[in-house]
Amino acid sequence: MRRLSITSRLVLLHTLMMTVVAAVVLGLLFSISSGEILANVQSRLRERVNESFDDIEVVHGSLRFDNDFLEISDGIYLSAYQPPSTELLYGRIPYGFDSGLDFAEDTLRQIASGSTRYYVYDMTVPLPQDQSVMVRGIVSIDQAQSEFQFALRAAMILFPLLILLTALCGYLLSRRAMRPVTRTIAAVQDIRASRDLSKRVGLGAGRDEIYELARTFDELLAEVESVIRREKQFTSDVAHELRTPVTTMNMALEDLLSRDDLSEEVRDDLQMLRRKNELMSRMIGKLLMLSRADQGRLPVRRETTNLSELCGAVCAEFKELAAKDKAQTLVSRIQPGIWMEADETLMLQLLGNVLENAIRYTPQGGQIEVELSADDRQIVIGVRDNGVGISAADKERIWDRFYKAESSRHGESSGLGLSIVRWIVEVHGGQAQVESEPGQGSVFRFLFPTDSNNTERP
């Protein structure tokens, strides 16, 4: 039940309730109707027998019956006798009825004759000159009940149609009632997909709880947008303000290191400061880049790019760097002829950041593998290392800004490289994935759709 949508649950509940109500009402109605039909048959039988007295008269000492006495009205047969004889004097009896049935004055009886059940009512008609006639009324119970059974069958046929109509009406009403919820969900999904906090649900005027919820959500979005805008502006301002003093410090350190009268201890300290200053400078550059990306001020210039050649050039550069710094081996398996509509500068930065991390966190003499492949569905860039690996708790957070996993991965990383990588992948419509186990190395994969990219060029 919890897996069903609210609309489906409302329709199901509405249909179930209407089914129960209709079943109870029809059950009571037919139960009462069955007794009412039989009571009505009995009442009409008595009335018809009493009315028949007017159809009998004595003329010159002889009995005379009106033609109405022979009429079968409402299925009631009338017959006249002169007790104690059971021989029919005048009238009609149903076919197959026992004509020798004894009389019972003013008593309504239920008689079975053959396979048919009857109501029988006998009544004596007083006549002048001390004469009397016994009038018997006979009506078939089965015939009266057959009409009821027909109505019952008709109701059973119409009952499923009534349920279907109820379900359809319930669906239409529920869908109409849930339309604001559907609009709210679509608006929220659009905001989430576009990451545009300036958009609003905007249901408009309304007094019910759903409209109130939408208004509250819009107000919350406005507050969140304001906070994030201030944070982005703060980050951008700080990065701009820090760039000048960091550049100045770097120039001052270069001047100091160019002097010949420095002791080895002082020179080592200055070189350490220069490395830290360069790290800070790179971090400020990355912060500015992310800030512009967040504000939509970082242009993405897509052009037809030979991704195979680009990956080959980057791998060749980092292959020398890995071998020189840590005696590592970099192996590349690049499928030729892969083209992509991409920003070449950003793709170079993506590959550079990922390979830089792989070299940093792979031990001395380790191996790094780079793979580029494509099929009809997607382009895949993969980077594998046999380094320290990433714990399960850190896998999702490694994409966050300034996040660093455990101390063994700290080094001189700013914690911004993978945030930039993910942004580059997403701005190209791709998806970033990571597989890793502590001590078993890591595999980074970047998947780009080929529906908007040509993977081959003549």
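**Some thoughts on the sheet that holds strand S11 (residues 367-374)**
Okay, step 1: Ordered by their spatial adjacency, five strands build an open sheet running S9-S11-S12-S14-S13, and the pairing between neighbours is mixed. Strands with a single pairing partner mark the edges of an open sheet, and in this sheet they are strand S9 (329-334) and strand S13 (431-437). On average, each strand axis in the sheet is tilted by 10° relative to the strand beside it, whichever way the strands run.
Okay, step 2: Here helix H6 (residues 307-326) sits on the sheet in contact with S9, S11 and strand S12 (378-385), set at roughly 170° to S9.

**Some points on the packing of H6 against helix H7 (residues 344-361)**
Okay, step 1: The N-to-C vectors of H6 and H7 enclose an angle of 30°; their axes lie 10 Å apart at closest approach. Relative to H7, the element H6 is oriented roughly parallel. Considering only the axes of H6 and H7, their crossing is right-handed. Touching Leu307, Leu310, Cys311, Val314, Phe318, Leu321, Ala322 and Lys326 of H6 are Glu344, Met347, Leu348, Leu351, Gly352, Leu355, Glu356, Ile359 and Arg360, all from H7.
Okay, step 2: Residue composition of the contact of H6 with H7, grouped by class: 12 nonpolar, one polar and four charged.

**Quick look at unusual backbone geometry**
Okay, step 1: Following Pro83, the chain continues to Pro84 via a peptide bond in cis, the omega torsion being 5°.
Okay, step 2: Unlike most non-glycine residues, Asp74 shows phi in positive territory, near 55°.
Okay, step 3: Looking at the secondary structure, you find Asp74 in the loop between strand S2 (62-65) and strand S3 (76-81).

**Some points on a nonpolar patch on the surface**
Okay, step 1: Residues Leu16, Val20, Val24 and Leu28 make up a contiguous nonpolar surface patch of about 370 Å² in total accessible area.
Okay, step 2: Residue position: Leu28 is located in helix H1 (residues 6-51).
Okay, step 3: Residue classification places Leu28 among the exposed residues on the basis of a relative accessible area of 52%.

**With respect to the environment of His428**
Okay, step 1: Inspection of the secondary structure puts His428 in the loop between helix H8 (417-427) and S13.
Okay, step 2: Looking at His428, the relative accessible area reads 4%, which means it is buried.
Okay, step 3: Taking the C-alpha atoms as reference, His428 lies 9.7 Å from Leu346; in sequence the two are 82 residues apart.
Okay, step 4: Dropping the residues within four chain positions of it, His428 is found in contact with Arg302, Met340, Glu341, Ala342, Asp343, Leu346, Met347, Phe448 and Pro449.
Okay, step 5: One polar contact links the side chain of His428 to the main-chain amide nitrogen of Asp343, over a distance of 3.0 Å.

**Some points on the nonpolar core**
Okay, step 1: Among the nonpolar cores identified, the biggest contains 39 residues, and Leu307, Phe444, Phe446 and Phe448 are the most heavily contacted of them.
Okay, step 2: For this core, the elements supplying multiple residues, two or more each, are H6, strand S10 (339-342), H7, S11, S12, H8 and strand S14 (441-449).
Okay, step 3: The dominant element in this core, judged by the number of residues it contributes, is H7, at eight residues.
Okay, step 4: Filtering out sequence-adjacent residues up to four positions away, Phe444 remains in contact with Val354, Ile381, Gly382, Val383, Ile390, Ile398, Trp399, Leu418, Gln433 and Val434.
Okay, step 5: With 19 residues, the next largest nonpolar core counts Leu45, Tyr119, Val139 and Ile141 among its residues.

**Side note on the sheet that holds strand S4 (residues 90-91)**
Okay, step 1: Pairing within the open sheet is antiparallel, and its five strands lie in the order S4-S3-S7-S6-S5. Looking along the sheet, the strands with just one partner apiece sit at the ends: S4 and strand S5 (108-113).
Okay, step 2: In this sheet, S4 lies alongside S3 in antiparallel orientation, the contact comprising two bridges. By the bridge assignment, Ala80 is partnered in S4 with Tyr90.

**As for the packing of aromatic side chains**
Okay, step 1: Following the criterion strictly, the structure yields six aromatic pairs and no others.
Okay, step 2: When the ring of Phe65 is compared with that of Tyr90, the centres are 4.5 Å apart and the planes differ by 5°; the resulting orientation is stacked. With Phe65 in strand S2 and Tyr90 in strand S4, the pair connects residues that are 25 residues apart, well separated along the chain.
Okay, step 3: Given the relative accessible area of 14%, Phe65 is considered buried.
Okay, step 4: Arranged with centres 5.3 Å apart and planes meeting at 85°, the rings of Phe97 and Tyr118 form a pair that is edge-to-face. Taken as a pair, Phe97 in the loop between S4 and S5 and Tyr118 in strand S6 (residues 116-127) lie far apart in primary sequence, 21 residues in all.

**A closer look at the pattern of salt bridges**
Okay, step 1: Counting across every chain of the model gives 12 salt bridges.
Okay, step 2: Residues Asp375 and Arg377 are paired through a salt bridge, measuring 3.9 Å at the closest nitrogen-oxygen approach.
Okay, step 3: In this structure Arg377 comes out as exposed when scored by relative accessible area, which is 58%.
Okay, step 4: Via salt bridges that share partners, Arg109, Asp122 and Arg136 belong to a single interconnected network.

About the criteria used
Along each chain, the written sequence defines residue order, and numbers are assigned to residues from 1. Owing to the predicted nature of the model, reporting of local features is limited to residues with pLDDT of at least 70; listing and counting of side-chain atom pairs is limited to 80 or more, with chain, interface and lining totals taken over all residues. The basis for every side-chain value is the complete set of heavy atoms in the structure, and neither hydrogens nor water enter the calculation. Being paired, for any two strands, means DSSP has found at least two bridges between them. Comment: elements are numbered from the N terminus, with helices defined as DSSP H or I runs of at least four residues and strands as E runs of at least two. The angle between two axes is taken between their N-to-C directions and runs from 0 to 180 degrees, where each axis is a line fitted to C-alpha atoms and a helix contributes only its stretch in contact. Throughout, a residue-residue contact means that at least one pair of heavy atoms, one from each residue, lies within 4.5 Å. The cut-offs work like this: below 35 degrees is roughly parallel, past 145 is roughly antiparallel, 65 to 115 is roughly perpendicular, and the gaps in between are oblique. Crossings are classed by handedness, with left-handed meaning an anticlockwise turn of the near helix from the far one by less than a right angle and right-handed meaning a clockwise turn. Just so you know the grouping, Ala, Val, Leu, Ile, Met, Phe, Trp, Tyr, Cys and Pro go in nonpolar, Asp, Glu, Lys and Arg go in charged, and all remaining residues, Gly too, go in polar. By definition, no residue in a patch forms a salt bridge, and every one has over 30% relative accessible area; like charges are joined within 9 Å, nonpolar side chains (Val, Leu, Ile, Met, Phe, Trp, Tyr) within 5 Å. Values of accessible area rely on a 1.4 Å probe in the Shrake-Rupley scheme; residue burial ignores everything except the protein chains shown. Should a side-chain nitrogen of Lys or Arg be within 4 Å of a carboxyl oxygen of Asp or Glu, the pair is scored as a salt bridge. Each residue is placed in one exposure class: buried if its accessible area under a 1.4 Å probe, protein chains only, is under 20% of its type's maximum, exposed if it is over 50%, and partly exposed if it falls in between. Each polar contact in these results corresponds to two N or O atoms within 3.5 Å; when the atoms are within protein, one needs to be able to donate a hydrogen and the other to accept it, and residues that are neighboring in sequence are counted only if both atoms are side-chain atoms. By convention a nonpolar core is built from buried Ala, Val, Leu, Ile, Met, Phe, Trp, Tyr and Cys residues, the set being connected through side-chain atoms within 4.5 Å. Aromatic rings from Phe, Tyr and Trp, with only the six-membered ring used for Trp, were paired whenever their centres fell within 6.5 Å, and each pair was classed as stacked if the ring planes differed by under 30 degrees, edge-to-face if by over 60, and tilted otherwise.

Just geometry here; none of it tells us what the structure is for.
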